[in-house]
Amino acid sequence: SSGINAEYGHYKAYFKRETGHLSHGKRFLSGSGAGLTASFTTYALEVLRARMAIKPEYVSIRQSFKTIVRTEGVSSLYRGITPTLLGVSIYGGFSFYVFGTLKQMNPLSPGEPITLFYRVLYGALAGLCGQSISYPLDVARRRMQTGGILGDHLERYSTLRKTLTHIYRNEGLKKGLYKGLSLNFMKGPIAASISYTVFDYVNHLLVGKESV
């Protein structure tokens with residue numbers, strides 16, 4: 001979370017270097033770029049975490065890393081990276097775009113300074129929007145990361161297309177591609193609102209002006 005927020009600041013500064021402001025498209029690209037950069041650099045650790053959560057014989061990061069590389073090859077540490085990068089680019093793009101645009105327009109209290117309540121609310125709406133759009137790719141990512149471990153046939157989850165097709169045909173939308181979304185609606189918007197609000201206040205303390 002802190003990584004993606006920091007990267008967003010870098011991308012935003014890059015796109016603002018000529019005109020001094022962000023267009024709608026550049027705001028979306030800043031969020032997408034932030035998500036891609038942060039996720040790509042930490043993806044192997046995410047795979048290790050997923051394996052350690054479901055396989056009791058994986059007891060440490062070092063031991064898990066050595067076992068996976070020895071038995072499955074280095075490429076297995078990046079299995080599922082395609083839906084991950086697609087998902088975070090969509091999530092980051094939409095969530096940062098919605099949050100930044102709502103802050104700039106402040107539609108619920110136009111012309112007034114943004115209060116803590118509205119900042120938290122806008123962050124929650126941004127997280128809700130990004131999560132709803134990118135959720136099927138998150139489901140596909142988890143299947144591809146753990147495919148072949150829990151008795152599944154690895155071939156079913158070897159590519160993003162095969163994974164999405166298999167889940168949709170056998171489980172449908174509600175019980176397949178969007179399974180667990182209701183729980184994420186409870187967690188995701190809260191986490192996003194806290195993350196955006198804290199980052200905003202820290203950025204305001206350090207920079208001395210509102211970040212939009």
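Everything in this summary refers to the structure shown in the same document. All values derive from a computational prediction rather than experimental measurement.

For the structure on display, the rule yields 10 salt bridges. Note that E46 is salt-bridged to R49, the shortest N-O span being 2.5 Å. Taken together, the residues E46 and R49, both in helix α2 (residues 24-54) and three residues apart, mark about one turn of the helix. Here R119 makes a salt bridge to D200, at a shortest N to O gap of 2.8 Å. Remark: D200 occurs in helix α8 (residues 181-207) and R119 occurs in helix α5 (residues 116-146); sequence separation between them is 81 residues. One exposure class covers both R119 and D200, and it is buried. Among the charged side chains, a salt-bridge network with shared partners connects E46, R49, D138, R141 and R142.

With that settled, the discussion passes to the packing of α2 against helix α3 (residues 61-72). Close contact between α2 and α3 brings their axes to 10 Å; oriented N to C, the two are set at 95°. Relative to α3, α2 is oriented roughly perpendicular. Facing α2, whose interface residues are L48, R51 and M52, α3 presents I61, S64, F65, I68 and E72. Class assignment of the residues belonging to the contact of α2 with α3 gives a composition of five nonpolar, one polar and two charged.

This part takes up the side chain of S134. Inspection of the secondary structure assignment puts S134 in helix α5. A distance of 2.8 Å separates a polar side-chain atom of S134 from the backbone oxygen of G130. Among all residues touching S134, those that are not within four sequence positions of it are G87, I90 and Y91.

On to helix α4 (residues 81-105), then. For α4, which comprises 25 residues, the first-to-last C-alpha distance of 35 Å matches the rise-based estimate of 36 Å (1.5 Å per residue) to within 8%. Two residues or fewer past α4, N106 is found with a positive phi of approximately 45°.

Attention shifts here to the environment of H204. For H204, the location among the structural elements is in helix α8. The partly exposed category is assigned to H204, whose relative accessible area is 37%. When the C-alpha positions of H204 and R51 are compared, they lie 39 Å apart, and in sequence the two are 153 residues distant.

A few words now on the packing of α5 against helix α6 (residues 160-171). For the pair α5 and α6, the least separation of the axes is 10 Å and the interaxial angle reads 105°. Viewed along their axes, α5 and α6 adopt a mutual orientation that is roughly perpendicular. Here P136, L137, V139, A140, R143 and M144 of α5 come into contact with α6, specifically with L160, T163, L164, I167 and E171. Along the lines of polarity and charge, the residues of the contact of α5 with α6 split into eight nonpolar, one polar and two charged.

Reading guide: rules and limits
Residues numbered from 1 in each chain as written. Predicted model: local features only at pLDDT ≥ 70, side-chain atom pairs only at ≥ 80, totals over all residues. Heavy atoms only, no water. Salt bridge = Lys/Arg side-chain N within 4 Å of Asp/Glu carboxyl O. Helix = DSSP H or I, 4+ residues; strand = E, 2+ residues; numbered from the N terminus. Buried < 20%, exposed > 50% of the residue type's maximum accessible area, 1.4 Å probe, protein only. Axes fitted to C-alpha atoms, helices over the stretch in contact; angles between N-to-C directions. Parallel < 35°, antiparallel > 145°, perpendicular 65-115°, else oblique. Contact = heavy atoms within 4.5 Å. Nonpolar A, V, L, I, M, F, W, Y, C, P; charged D, E, K, R; others polar. Polar contact = N/O pair within 3.5 Å; in protein donor to acceptor, adjacent residues only side chain to side chain. Expected span 1.5 Å × (residues − 1).

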